[in-house]
Structures are given as C-alpha cells and as structure tokens.
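Reading the structure
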Amino acid sequence: MNKNIVLCGVGGQGTVLASKLIAAAAMEKGIPVMSAETIGMAQRGGSVFSHLRMGDDLYSPMIAKGTADIILGFEPGEAVRMRPYLKEGGTVVVSNRAVMPVTASLAQTEYSGEAMIAYLKQQVKQVLVVDTDAACKSLGSAKVLNVLMLGAAISTGTLGLEKEDIKAAIQKRLPEKLHALNFRALEYIK
C-alpha cells in the first residue's frame, strides 16, 4: 500500500504536527515513511506544506505533480495551490476556514475561501469540506484543527490509516492532558 499525502495550510494550524502524527502512526504499523516539510514562512502565517509518502520502494520524500492520493488542506487557498499534485481520482479534504494571505492583506485585495472551495469542487470529484469553525467551537478549542482534519481524512478511506492508529500516535507524542480533547476531535467526523 503506497500512499502519497500532501498536507498544506498556513503557519499556526498544526500542519507539521499532523504530518508527524501520520508518519508516527504508519511507522508503528511497520509501514516505511518519508516526509519533507516547507515551513519557512510559518511564523508569519505564510504557506506551510508537507509531503508524506508511505509504503515500499520509496526513494524520495518529494511527491511528483499528479501523484498525490490525498490533499489535506487546512486552508482553502493553500489546497488550491497544491491541487496540481493531486492524481486523477484523488481526494481533497479541506477546511472551509479561509485565512487571508499576508500578500492579499497588504495589497488590500479580496480573498474568498468560498471561491477556492468552488474551484476545488469543479476540478476534483471527491472533495470533503469540513466546517472547522463550527467543529472547533463545538469541541471548545481551535488548537485541534489538525487532528480534526486527520479524522476527516481517515473517514474518506483514502489515508490508509485508522483512527486507532492516530490515537496511538497522539498518546506517544502529545502530553497526556491533551489526549481527551484530541481524541474527541479525531472522532468528530464519522
């Protein structure tokens, strides 16, 4: 089972931690993993993305355009930016919460998350849009956006892991006081 996964968002959304949780869960199951992150602008709310590859015969952590099985988009515009990496028949799981890019803010231009999601739906057959604002409000914390999105990705059957695999990774990687909240976020989307 080889899987190519692109995770993308903006700084502060937990994109890198989500990637590390997937990698830890896969390694625990004995699945070889390679990953690479770009986090240069993370502190300023800039683009953050991870390429994560799971399976046998991996020679590079980088995913070629048109070969990703799934894009996990924590921000709609970033999901659109990574769209060229998705293979035909691939899946996009995307948050509906738009974060205005710094460049658009500085230029005082319009930015619409709805337009980004509409574009994704035109381009991709399988798109799951997650109402992350409502979910995080219901859960009582925006800090679980990343685990919420992992749960949504698992619900599509495309990620190649189960919720129990991610729970085990959370238990090993996060402080115990954060386990219950993250477990609720993981289970939020059925």
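This is a predicted model, so every value here is computed, not measured.

So, how was this worked out
- Residues numbered from 1 in each chain as written.
- Predicted model: local features only at pLDDT ≥ 70, side-chain atom pairs only at ≥ 80, totals over all residues.
- Heavy atoms only, no water.
- Helix = DSSP H or I, 4+ residues; strand = E, 2+ residues; numbered from the N terminus.
- Buried < 20%, exposed > 50% of the residue type's maximum accessible area, 1.4 Å probe, protein only.
- Contact = heavy atoms within 4.5 Å.
- Polar contact = N/O pair within 3.5 Å; in protein donor to acceptor, adjacent residues only side chain to side chain.
- Pairing = 2+ DSSP bridges.
- Arc of directions from axis to C-beta.

**Topic: the environment of Arg 97**
Relative to the helices and strands, Arg 97 is located in the loop between strand E5 (86–95) and helix H3 (102–107). With a relative accessible area of 40%, Arg 97 lands in the partly exposed category. The spatial distance from the C-alpha of Arg 97 to the C-alpha of Gly 113 is 6.9 Å, given a sequence separation of 16 residues. Setting aside chain neighbours within four positions, we find Arg 97 in contact with Phe 74, Glu 75, Pro 76, Thr 132 and Asp 133. Looking at Arg 97, its side chain comes within polar contact range of the side chain of Asp 133, at 3.1 Å.

**Here's the deal with the side chain of Ser 19**
With respect to the element layout, Ser 19 can be found in helix H1 (residues 15–28). Since its relative accessible area comes to 1%, Ser 19 is described here as buried. Ignoring anything within four residues of it in the chain, the contact list for Ser 19 reads Leu 7, Ser 35, Glu 37, Ser 50 and Leu 52.

**Focus: the pairing of strand E3 (residues 47–54)**
E3 sits mainly inside the fold: seven of its eight residues count as buried. Pairing analysis gives eight bridges linking strand E1 (residues 3–10) to E3, with the strands arranged antiparallel. Residue Cys 8 lies in a different strand from E3, and its bridge partner there is Phe 49. Sheet topology note: the strand E2 (residues 33–38)/E3 ladder contains six bridges and is antiparallel. Paired with Val 33 across the strands is Met 54, a residue of E3.

**Details of helix H5 (residues 132–139)**
All buried positions along H5 are accounted for by Thr 132, Ala 135, Cys 136 and Leu 139. One side of H5 carries all its buried residues, which in axial view fall inside an arc of 95 degrees. Among the exposed residues of H5, those pointing more than 90 degrees away from its buried face are Lys 137 and Ser 138. In the stretch just after H5, Gly 140 is the one whose phi turns positive, near 90 degrees.

**Some details on the pairing of E5**
Burial analysis of E5 places seven of its ten residues in the buried class, which makes it a mostly covered element. Pairing of strand E4 (residues 68–73) with E5 involves five bridges; the strand directions are parallel. Across the sheet, Ala 68 pairs through a bridge with Leu 86, a residue of E5. Strand direction decides the pairing type here: E5 and strand E6 (residues 126–130), joined by five bridges, are parallel. By the bridge assignment, Val 94 is partnered in E6 with Val 129.

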